[in-house]
There are 2 protein chains.
Amino acid sequence: MKLTHKAAGAARHLAPAPVVVLCRPQLGENVGTTARAMLNFGLTELRLVSPECGWPNAKAVVACSGAYAVLNGIRLFDTVEQAVADLHHVYATTARARELKKPIVTAEAAVRETRQAMAEERKVGFLFGAERTGLTNEELLLADAVLSIPLNPDFSSLNLAQAVLLLSYEWFKSGDATPAVRAARKEGEPATKAEVDGLLGQLVDSLDVVDFFKSADRRQGLVRTIKVMIERRSWTRPEIHLFRGIVKELSQGGRR
Amino acid sequence: MKLTHKAAGAARHLAPAPVVVLCRPQLGENVGTTARAMLNFGLTELRLVSPECGWPNAKAVVACSGAYAVLNGIRLFDTVEQAVADLHHVYATTARARELKKPIVTAEAAVRETRQAMAEERKVGFLFGAERTGLTNEELLLADAVLSIPLNPDFSSLNLAQAVLLLSYEWFKSGDATPAVRAARKEGEPATKAEVDGLLGQLVDSLDVVDFFKSADRRQGLVRTIKVMIERRSWTRPEIHLFRGIVKELSQGGRR
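Parameters and conventions
- Residues numbered from 1 in each chain as written.
- Chains lettered and ligands numbered in written order.
- Predicted model: local features only at pLDDT ≥ 70, side-chain atom pairs only at ≥ 80, totals over all residues.
- Heavy atoms only, no water.
- Helix = DSSP H or I, 4+ residues; strand = E, 2+ residues; numbered from the N terminus.
- Contact = heavy atoms within 4.5 Å.
- Areas by Shrake-Rupley, 256 points an atom, 1.4 Å probe, with all protein chains shown as cover.
- Pairing = 2+ DSSP bridges.
- Axes fitted to C-alpha atoms, helices over the stretch in contact; angles between N-to-C directions.
- Salt bridge = Lys/Arg side-chain N within 4 Å of Asp/Glu carboxyl O.
- Buried < 20%, exposed > 50% of the residue type's maximum accessible area, 1.4 Å probe, protein only.
- Right-handed = clockwise from strand over helix to strand, strands pointing away.

Secondary structure summary: chain A contains 10 helices and 8 strands in total. Within chain A, residue pairs in contact and separated by at least 24 positions form 82% of the contacts whose partners lie at least 6 positions apart. Put simply, chain A shows about 13300 Å² of open surface, and 54% of that area lies on carbon and sulfur atoms.

This is the structure:
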């Protein structure tokens, strides 16, 4: 039942990722937005179990915003058993707390376990239920563990594609090396300690000229404070140059 | 310009959270879905800067899926400067890499910094640009840092509410104590070591009766393997009971 369209190029360079299985999706839009959510984070394998919305579905095509690499590779199954038959580890996703006899994991923990399983060449899939009703108890029984995303207890209203988005985001993040903080791009070379000292010397000299410090005691404390204030920042060479120009102009103005 | 409706009860019990500022949103639906995304993860303060979609907006009311605690508290501003005037630290969010002279942070790092800032009683906000065009350079200049979410470089297509959702999710997660893995709920009391030993003894005896091991050499190795196989699992008392019943029945069947 695999649709015969070839997946677009985007999918080809992506690393292996877990499979997403939508059980009885009711709205074509949600299949489209799910495909879009997945591809943003490098998931490409989407399976539908007897979609109530019918398949293929024009609304899904519109809603996927060009995520054809996922949409065109969708595989259809009559039963959830068939859809997970080749998988080694299956997570069910459910919002409702039930009397479950399975481990419940956060999305973060689930993708960590998934990377581990996939490193051991096991295939992993995530089951999502119908929009209105979620997974049935029979579908839940097929799963090894349950993925549950902690939400505001007074307002828990994630739609299908959003739940898939959060899982996909955690998946991508767990394999992504983007540094948490990338430093600001600086204009010009960083200033050397000597250049910063040069500025400090000029500044203190200029302040001495206008008798800014009043007394030797005050001078000692204030010079230390100014030193710390200037040195704790990281300056570029052009900034030090500009700063020295400002000090020079101000002190010449004061003497006029 | 604050709308006068009272925020619904849900917002009242929530801890302080960062502010979300939408600059010139074009579609009312997106304001609604943004409100919904936020409230799922405990963010309630939403500000709009000259919304192109007009305000109030019927489509936003429909799209928010009941997130009135956010929608009814929305504040309107004419300029982004006014919208951020009371904030101490502002993040811009942008998908496009530009020649920025500001630190670029992941959502995870941004919420970590935000918790730190809020612990020091500083207010933090996140700016999101118009759907089609994103933030202008002037809006970017107002920010202290830039939030950028790593995406599949071949398909980067997050909509406004999805970007807000990921930020809100990271925010909630950073303050949430849900354990990564919650153990499966077990039926009945865990079995004691003695009960497991009892099962093992019965099993080995039964296997001896049917000459399962064939030789003393094989027996030694296989008994060790069976011991490990049984002992490494955590059994409940009813499971051990059931298991012993199975062994008994099978071995009686073998003797019939």
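A few words now on the sheet that holds strand β2 (residues 46-49) of chain A. Sheets are built from strands paired through backbone hydrogen bonds, the pairs being either parallel or antiparallel. Strand order in the open sheet formed by 8 strands is β3(A)-β2(A)-β1(A)-β6(A)-β4(A)-β7(A)-β5(A)-β8(B), with mixed pairing between adjacent strands. Of all strands in the sheet, those with a lone pairing partner are β3 (75-77) of chain A together with β8 (181-182) of chain B, marking the two edges. The sheet strands contacting helix α1 (residues 28-40) of chain A are β1 (19-23) and β2 of chain A, and the helix crosses β2(A) at an angle near 155°. Seen against the sheet, helix α7 (residues 160-174) of chain A touches β1, β6 (124-128) and β7 (145-147) of chain A and runs at an angle of roughly 155° to β6(A).

Before going further, it helps to examine the pattern of salt bridges. Taken as a whole, this structure holds 24 salt bridges over all chains when the rule is applied. E120(A) is paired through a salt bridge with R122(A); the nearest N and O atoms lie 2.5 Å apart. Counted as one network, the salt bridges with shared partners bring together E108(A), E170(A), K173(A), E108(B), E170(B) and K173(B).

All names here are of chain B. Of all 5 residues that make up strand β1 (residues 19-23), 5 are buried, and the element is covered over most of its length. Sheet topology places β1 next to strand β6 (residues 124-128); 4 bridges connect them, and they run parallel. By the bridge assignment for β6, V21 is matched with L127. Looking at chain direction, β1 and strand β2 (residues 46-49) are connected through 4 bridges and run parallel. If you follow C23 over to β2, its bridge partner there is V49. The parallel pair β1 and β2, bridged by helix α1 (residues 28-40), forms a crossover whose chirality is right-handed.

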